[in-house]
Amino acid sequence: MPITYQSETRTFQLDTAHTSYIFRVYKGNYLFHEYWGRRLRPVDLTRLFRTCPTGFSPNWAGSTAPDESLDLIPAEYPFYGTGDYRSPAVEAAFSDGSRLLDLKYVSHAILPAKPPLPGLPSLDGGDATLEVTLADPTTGLTVVVSYTVYEDSDVITRHARVVNTTDDIVRVSRALSASVDLPSMDYDLIGLYGAHLRERQVDRRPLRHGMQALESRRGASSHQMNPFLALAAPNADETAGEVYGATLIYSGNFLAAAEADGFCTTRMQIGLNPFDFSWKLEPGESFVTPEAVLTYSAEGLGRMSRNFHRVFREHLGRVKGTDRPNPIVINNWEATYFDFDEEKLKALIQSCRGLGIDTFVLDDGWFGHRDNDTTSLGDWFVHRGKLPDGLKPVIDCCRENGMKFGLWVEPEMVSEDSELYRAHPDWAIRQEGRPFCLGRNQLVLDLSRPEVVAYLKETIGRLLEENDISYIKWDMNRHITDQYSAGLPADRQPELLHRYMLGLYDLLGDLTSRFPQVVFEGCSGGGGRFDAGMLYYMPQTWTSDNSDAIERLKIQWGTSLVYPPRCMTAHVSAVPNHQIGRVTPFGTRGLVAMSASFGYELNPLSLSEEERAAIAEQTASYRSVSDLVAQGDFYRLASPFEGRAEAGADDAAWMFVSPDRGRAFMVYVLRLATPGAPARRIKLQGLDPQAVYHIDELDADFGGDELMFAGLATPYAMRDFEALSFTLTRKG
Ligand code: DGJ
């Protein structure tokens with residue numbers, strides 16, 4: 001059994017293949033976190049704990065014993081007002097103005113099947129679920145904390161449900177998904193920060209005393225910070241060392257925090273951001289938090305990432321079913337921007353014939369009278385100036401040239417210059433009578449309002465019903481300001497941003513289940529909403545508007561810390577690169593993009609015959625490894641964040657290995673070449689050390705042990721931005 005309860009010690013033990021997570025009901029009926037780490041046999045860890053009595057740590061009510069303080073015990077789901085001064089997981093206010101909570105164990109249940117989280121995306125399946133019910137004896141407020149174990153991937157998910165079992169209104173102002181107290185602060189904090197065009201850069205720093213918070217307040221998970229944090233032993237690297245990782249299946253405001261206290265212990269937390277949030281619960285109502293995904297790795301960051309990748313590939317909405325590689329796409333955005341018409345599109349589509357591309361995606365500019373980004377969002381009918389006969393001739397042209405058709409939409413937005421806004425100005429998020437902010441000349445629709453969600457279900461649904469569309473690119477090009485809803489009463493205004501996400505999930509759930517054959521790609525000015533909440537509905541996301549292959553090394557490396565490479569879309573674009581002007585070899589652009597969901601973002605008409613032939617070769621070679629990208633285990637070998645030019649190591653390398661270790665695909669990219677640098681050897685990972693592998697590109701055999709322990713030498717004569725790939729097959 002992956003979850004056991006020892007009644008003598010009142011201990012819960014949650015086991016995965018390599019890890020254990022243990023907590024118990026302590027004196028005073030408080031939940032006490034005991035252990036999270038390598039797997040243990042069933043154990044009583046009572047002997048491990050010495051609570052050092054100290055001044056200024058108040059006793060809990062009814063006790064005077066010096067060590068009986070909530071300030072000192074490692075808590076499982078901490079609360080406010082009764083002696084624990086660290087950050088709580090939950091805060092609530094009662095109608096008499098009290099904010100005091102004292103959550104004690106009431107009961108528990110071990111369930112064979114995990115109940116879904118209402119209205120929220122979450123992992124399915126799981127090997128067992130534990131629900132522990134806590135209650136505040138004075139008010140009766142109830143909190144149910146839930147844990148689900150995913151044994152094979154060493155993952156435990158957590159969420160909480162606050163139930164108003166009182167007979168008056170309760171306002172919940174903080175409800176995190178998970179909180180874990182670790183017994184030391186000897187960790188590095190790792191996060192993924194960034195900006196538009198520079199998403200998910202790896203940031204690693206030693207944990208300090210006090211609160212360290214990674215968060216979004218933008219109404220989206222954001223380019224600026226990803227909903228993820230890891231605490232890693234200072235010596236942990238890709239292959240060794242302890243790492244605790246946490247992410248959230250949520251796409252809105254989040255908080256991921258580590259707080260090291262005066263006793264040098266660490267509270268690690270993740271959940272909905274309490275900033276500008278509160279939720280009114282009428283008697284009998286519940287509030288359910290998003291789901292947190294936690295994993296422990298004793299084998300460094302590489303294993304942490306593979307645990308996340310595996311659980312997402314096997315249990316996360318439409319990411320599941322990884323035996324189906326994503327289609328190879330060509331998108332017209334960087335080829336034409338807004339400047340196209342039917343003839344131009346047809347010529348572009350015809351030029352793709354024979355190149356091995358599956359789907360043509362028509363990007364922004366096809367609707368309303370959208371000739372630039374100042375207009376028409378919300379008017380999801382065809383721009384007759386550009387496409388006088390509608391989408392049909394373009395779709396027919398795709399079919400005639402052996403491709404499917406995809407379409408860009410940005411349903412969450414509205415332009416002031418649109419029929420939709422003129423009809424429903426109150427459907428935008430803003431406050432009547434107050435000047436409001438525009439972002440990219442547009443406003444955000446108020447998805448907390450059911451009538452807005454219903455309108456979008458109908459409008460986007462009709463577009464999909466009336467046209468033969470196999471792919472939707474769902475964009476979102478600004479963050480939320482003017483956080484005010486004309487649809488909510490005054491005392492529910494702080495619910496707006498979470499209600500927005502619930503409305504969006506409702507909309508996406510409806511469309512993806514009504515149109516299961518359509519592949520949805522998420523996008524938010526590139527990778528501004530790259531999170532597990534979006535991936536649940538849209539199994540791939542445009543990773544960044546920065547399509548330069550060298551910039552993408554860092555962006556894709558950082559993204560891979562949490563998300564499977566197949567969830568990133570990456571396209572070969574033209575040079576000089578449109579975002580930063582860099583010129584990189586076509587082969588390098590191909591290999592970087594092939595390490596994800598592959599495609600093109602250029603105009604084949606502007607290419608030479610030679611370059612067109614290279615595209616045909618590239619799509620064929622992607623097809624030969626796309627199953628590895630989709631289903632293989634991903635290993636990061638050389639970090640673009642740690643390059644040392646003088647050591648000839650200003651580079652990046654990674655590889656995919658098939659589940660049976662029989663095949664592998666490795667990519668090596670040199671950034672800047674350095675004369676006179678020592679020979680570079682890259683140690684491969686994940687192979688069978690006893691096996692012999694043939695490397696096609698070198699036409700030579702190597703031992704798995706040789707490749708992993710001695711390494712593979714890269715050639716001397718490489719130039720700036722050059723890349724190599726190695727395709728390995730086990731012999732015999
Ligand atoms: C931002 C996206 O990331 C781009 O790929 C493109 O779709 C533009 N929006 C279109 O406005």
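Residues numbered from 1 in each chain as written. Predicted model: local features only at pLDDT ≥ 70, side-chain atom pairs only at ≥ 80, totals over all residues. Heavy atoms only, no water.

Asks: Quick one: what's the story with the overall build of the chain, residue by residue and with numbers?
Replies: The secondary structure content of the chain amounts to twelve helices and 38 strands. The globule rule puts the C-alpha radius of gyration for 732 residues at 27 Å, and the 27 Å found for the chain is close to it. If you take every contact in the chain between residues at least 6 apart in sequence, the share linking residues at least 24 apart comes to 69%. For the chain, the computed accessible surface area is about 26400 Å², with 51% contributed by carbon and sulfur atoms. (Helix = DSSP H or I, 4+ residues; strand = E, 2+ residues; numbered from the N terminus. Rg over C-alpha atoms; globule rule 2.2 N^0.38 Å. Contact = heavy atoms within 4.5 Å. Areas by Shrake-Rupley, 256 points an atom, 1.4 Å probe, with all protein chains shown as cover.)

Asks: Tell me about the site of the ligand, and please be specific about residues and values.
Replies: For the ligand, the set of nearby residues contains 13 residues, the closest of which are D363, D364, K473, D475 and D545. One of the side-chain nitrogen or oxygen atoms of R440 is found 2.8 Å away from an oxygen atom of the ligand. Take W542: an N or O atom from its side chain is 3.4 Å from an oxygen atom of the ligand. In isolation the ligand offers 300 Å² of accessible surface; the protein chains occlude 98% of this area. Broken down by class, the residue content of the shell around the ligand amounts to four nonpolar, three polar and six charged. (Near = heavy atom within 4 Å. Polar contact = N/O pair within 3.5 Å; in protein donor to acceptor, adjacent residues only side chain to side chain. Nonpolar A, V, L, I, M, F, W, Y, C, P; charged D, E, K, R; others polar.)

Asks: So what's going on with the sheet that holds strand β32 (residues 651–657)? Which residues, and what values?
Replies: Overall, antiparallel pairing links the six strands, which are arranged β31-β32-β33-β38-β35-β36 in an open sheet. Of all the strands in the sheet, the pair left with one neighbour each is β31 (633–638) and β36 (700–703). Taken over all neighbouring pairs, the strand axes of this sheet differ in orientation by 25° on average, direction set aside. Pairing of β31 with β32 involves five bridges; the strand directions are antiparallel. In the sheet register, Y635 faces β32, and the bridge partner there is M655. (Pairing = 2+ DSSP bridges. Axes fitted to C-alpha atoms, helices over the stretch in contact; angles between N-to-C directions.)

Asks: Break down the pairing of strand β33 (residues 663–670) for me, citing the residues and quoting the values.
Replies: Burial runs high along β33: seven of the eight residues are buried. Bridge count between β32 and β33: seven bridges; the pairing is antiparallel. Residue pairing across strands places D651 opposite L670, the latter belonging to β33. Counting the residues between successive antiparallel strands, the hairpin from β32 to β33 contains five residues, one of them, R661, with a positive phi of roughly 65°. Judged from the seven bridges that link them, β33 and strand β38 (residues 723–730) form a sheet pairing that is antiparallel. The residue of β38 that forms the bridge with Y668 is L724. (Buried < 20%, exposed > 50% of the residue type's maximum accessible area, 1.4 Å probe, protein only.)

Asks: So what's going on with unusual backbone geometry? Residues and values would help.
Replies: The omega torsion across V575 and P576 is -10°, close enough to zero to call that bond cis. A positive phi angle is found at C264, which is not glycine, with a value near 65°. The residue C264 is located in the loop between β16 (254–260) and β17 (266–272) in this model. On the accessibility criterion, C264 (34% relative accessible area) is partly exposed. The backbone of R661 sits at a positive phi, close to 65°, despite the residue not being glycine. As for its placement among the helices and strands, R661 is situated in the loop between β32 and β33.

Asks: Lay out the sheet that holds strand β30 (residues 597–601) with the relevant residues and their values.
Replies: Either a parallel or an antiparallel arrangement is found when strands of a sheet pair, and the pairing is made through backbone hydrogen bonds. Judged by pairing direction, the barrel is parallel, and its eight strands sit side by side in the order β21-β22-β23-β26-β27-β28-β29-β30 before closing back on the first. The average angle at which neighbouring strand axes cross in this sheet is 30°, direction not considered. Of the pairings in the sheet, the one linking strand β21 (residues 329–331) to β30 comprises two bridges and is parallel in character. Bridge pairing links I330 to Y600 in β30. In this fold helix α7 (residues 496–514) packs onto β26 (471–474) and β27 (519–522), with an angle of close to 170° to the strand it touches most, β26.

Asks: Quick rundown of helix α6 (residues 450–466)? Include the residues and the values.
Replies: Helix length check: α6, at 17 residues, gives a terminal C-alpha distance of 24 Å against a target of 24 Å (1.5 Å per residue), a fit within 8%. Within α6, burial applies to V452, V453, L456, T459, I460, G461, L463 and L464. Taken together, the buried residues of α6 touch β23 (404–409), β26, α7 and β27. (Expected span 1.5 Å × (residues − 1).)

Asks: Could you give an account of the packing of helix α10 (residues 586–594) against helix α11 (residues 609–631), naming the residues involved and the relevant values?
Replies: Two numbers describe how α10 lies on α11: the axes approach to 10 Å, and their chain directions differ by 25°. Of the possible angle classes, the one that applies to α10 and α11 is roughly parallel. Once α10 is placed against α11, the crossing between them reads as right-handed. Mapping the contact onto sequence places F586, G587, G590 and M594 in α10 and E611, A614, I615, Q618, S621, Y622 and V629 in α11. (Parallel < 35°, antiparallel > 145°, perpendicular 65-115°, else oblique. Left-handed = near helix turned anticlockwise from the far one by under 90°.)

Asks: Lay out the environment of P435 with the relevant residues and their values.
Replies: Along the chain, the position of P435 falls in the loop between α5 (419–423) and β25 (442–444). Placed 378 residues apart in sequence, P435 and S57 show a C-alpha to C-alpha distance of 49 Å.

Asks: Go over the packing of α6 against α7 with me, naming the residues and quoting the values.
Replies: With their axes 10 Å apart at the nearest point, α6 and α7 run at an angle of 25° to one another. What the angle tells us is that α6 and α7 run roughly parallel. The handedness of the crossing between α6 and α7 is right-handed. Residues V453, L456, K457, I460, G461 and E465 of α6 lie in contact with α7, whose contacting residues are G503, D506, L507, D510, L511 and R514. In terms of residue class, the contact of α6 with α7 is made up of five nonpolar, two polar and five charged.

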